[in-house]
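Here is how the chains run, residue by residue.
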Amino acid sequence: IVTLALCGGVAFSQSHLDAYKYAQSELNGTARYLGMGGAFGALGGDISAMKNNPAGLAIYRSSEVVTTLSLNNTNTETNWENVIEKNSRTHFNFDNIAYVGYFPTGKSEGVIGWNAGFAYNRLKNFKRNYSMSAGGAMRTSLSDYIAERAYGNPVSKLEETSANRPYDYLDWLPVLGYNAGFIDPYSHNDEEYYSVFTQKEGDDWVPYTINNSVLQVSESGAIDQYDISFGMNINDRVFLGATMAITDISYNYESTYDEYFDHENNYMYLDNGLSTDGTGYSFNIGLIYRPFDFFRLGVAYNSPTWYKMTDYFYASAESYLTFMHEGEHYEQNISAHTPNGGYWDYEFTSPDKWLLSASFFFGQSGLLSFDYERVNYHNMKMYDYSGKANKDTNNDIKADIRGSNTYRVGAEYKVTPQFSIRAGGGYSTTPMKSQILNGDVNVYTVGTIPNYTLERRSSYYTVGLGYRFTPQFYADFACVFTNYKEDVYAFSNTYIWENDTKIQLIEAQPATMKTNNTRFALTLGYKF
């Protein structure tokens, strides 16, 4: 186990897409926060604002306890070479619980009051299932991709024997692919490989026709945050706040990839499992300024989260091959798996964020609020267990990922002093640069997992209701509709340069995927 934990960065090195996956959050919080699209940066007075602009804590004029439950339904639809598949998953969540304490100073000028808050918030749910099938449209096999990824390693290094332990020092995917019978060298101990699902016709190797390619993925887990916040009210005009946060990541991934060939029922499969745990810390600071009673401005800075992470890997693979050699018919069935107990410790620094906000009030009945959020994804960093920078991954982050902009708007109208209606929406630009979205670069994936997704856009719109039963007790309800559009690659396109000319070796033929999430949230609160 010690050997596996300390094996080379090639085997376990996290990709820049893993960094992006763990850096994301989603619209989550109390039902009032959700119903107004999360546009609370200058509004405050809600415990969910603590995780973005903690100055909103200083808006409180009483103490409060609050909790939120939600029901989520996630639907995915993939289109891979005109073959459409749909999946659905429904689950309950406990989204937050919080306490806010209000401590007035008794003064009418200067520091009027202090606030302290303690909150648990779920920042993101990973729960999702999706599957896709290409029928007979795929022109390239995963085994072709693995053959290219194995280039430069002689058989004596890839072959797992009692004397050779390639998982200790080599890229895991070609090691597994070779030992599962996906690829062979052109000659003994050669460093160049080909897919075994081919047949020689004269001087040429002709690939078998792929009857079907199938990818199935199941994801689960969440990102949870625990906040300790403080706020200060100065003259009812300036509101300051700060938050210290501890964040936990729990992510579980399972996938199965199968290919079936028209040549005598030949097939291959690759099963993958990944479990990730991480804990990090961060801080947020913010300010809200109220120059007029009807207008507020907000600004906040959210630091990176500095994580300690651990990945646990497991994969198995199998091939079935029939072929003719010197007039004889042969049948070959080979399986292999990665070592038990493989894991990798590393460090991850998430991106920092800036938030600018404005809110407008229309008497005692209505309000309109706007947020602009800038997430600096290009500032993400990966390090190994000793704190040494992972230069390859960090260079990929700089090359393929940029900052992202999110725009949020929310409105609330009090029909009566007790009953309110709300609506909101938001849109985020993709941080992926055009070169990776267009499939023009080699994408290096972690461990033995060749598939990945690329986000193109995300948007949401929300509606909500609120009712105050007594001056102390209230309930809020919200419905959130979120849409993501992504590309799904079973494996990466692969390119090389020869004489200043870019040559494509592997064509991946990605699928498109739409993910629609519908969430119903109920918040109960009590002021005292």
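Residues numbered from 1 in each chain as written. Predicted model: local features only at pLDDT ≥ 70, side-chain atom pairs only at ≥ 80, totals over all residues. Heavy atoms only, no water.

(A) Spatial organisation of helix H5 (residues 142-149). In terms of burial, H5 is a largely internal element, 6 of the 8 residues being buried. Those residues of H5 that fall on the buried side of the exposure criterion are Leu142, Ser143, Tyr145, Ile146, Ala147 and Arg149. (Buried < 20%, exposed > 50% of the residue type's maximum accessible area, 1.4 Å probe, protein only. Helix = DSSP H or I, 4+ residues; strand = E, 2+ residues; numbered from the N terminus.)

(B) Structural context of the environment of Thr518. By secondary structure assignment, the location of Thr518 is in strand E25 (residues 511-527). C-alpha of Thr518 to C-alpha of Asn75: the two residues are 443 residues apart in sequence and 8.6 Å apart in space. What Thr518 contacts, discounting residues up to four positions off in sequence, is Leu71, Asn72, Asn73, Cys479, Val480 and Phe481. (Contact = heavy atoms within 4.5 Å.)

(C) Fine view of the side chain of Thr247. With respect to the helices and strands, the residue Thr247 is situated in strand E10 (residues 238-261). Of note is the side chain of Thr247, whose polar atom sits 3.3 Å from the side chain of Gln225. (Polar contact = N/O pair within 3.5 Å; in protein donor to acceptor, adjacent residues only side chain to side chain.)

(D) Representation of the pattern of salt bridges within the structure. In the structure shown here, the tally under the stated rule is 19 salt bridges. The salt bridge partner of Asp236 is Arg61, with a shortest N-O separation of 2.4 Å. Here Arg61 lies in the loop between helix H4 (31-35) and strand E1 (64-80) and Asp236 lies in the loop between strand E9 (210-234) and E10, a separation of 175 residues in the sequence. In this structure, Arg128 and Glu486 form a salt bridge, with 2.7 Å as the shortest nitrogen-oxygen distance. (Salt bridge = Lys/Arg side-chain N within 4 Å of Asp/Glu carboxyl O.)

(E) Up close: empty space enclosed by the protein. Taken as a whole and judged by the stated rule, the model has 2 cavities of 30 Å³ or more. Of the voids in this model, the second largest cavity is the one considered here, and its volume is about 30 Å³. The wall of the second largest cavity is formed by Leu215, Ser255, Thr256, Tyr257, Leu270, Asn272, Pro450, Asn451 and Ala490. Among the secondary structure elements, those contributing two or more residues to the lining of the second largest cavity are E10 and strand E11 (267-292). The class makeup of the residues in the lining of the second largest cavity is 5 nonpolar, 4 polar and no charged. (1 Å grid on protein atoms, 1.4 Å probe; cavity = no way out; pocket = protein on both sides within 12 Å on 5 of 7 lines; lining within 4 Å. Points joined across faces, edges and corners; volume = space filled by probe spheres on them. Nonpolar A, V, L, I, M, F, W, Y, C, P; charged D, E, K, R; others polar.)

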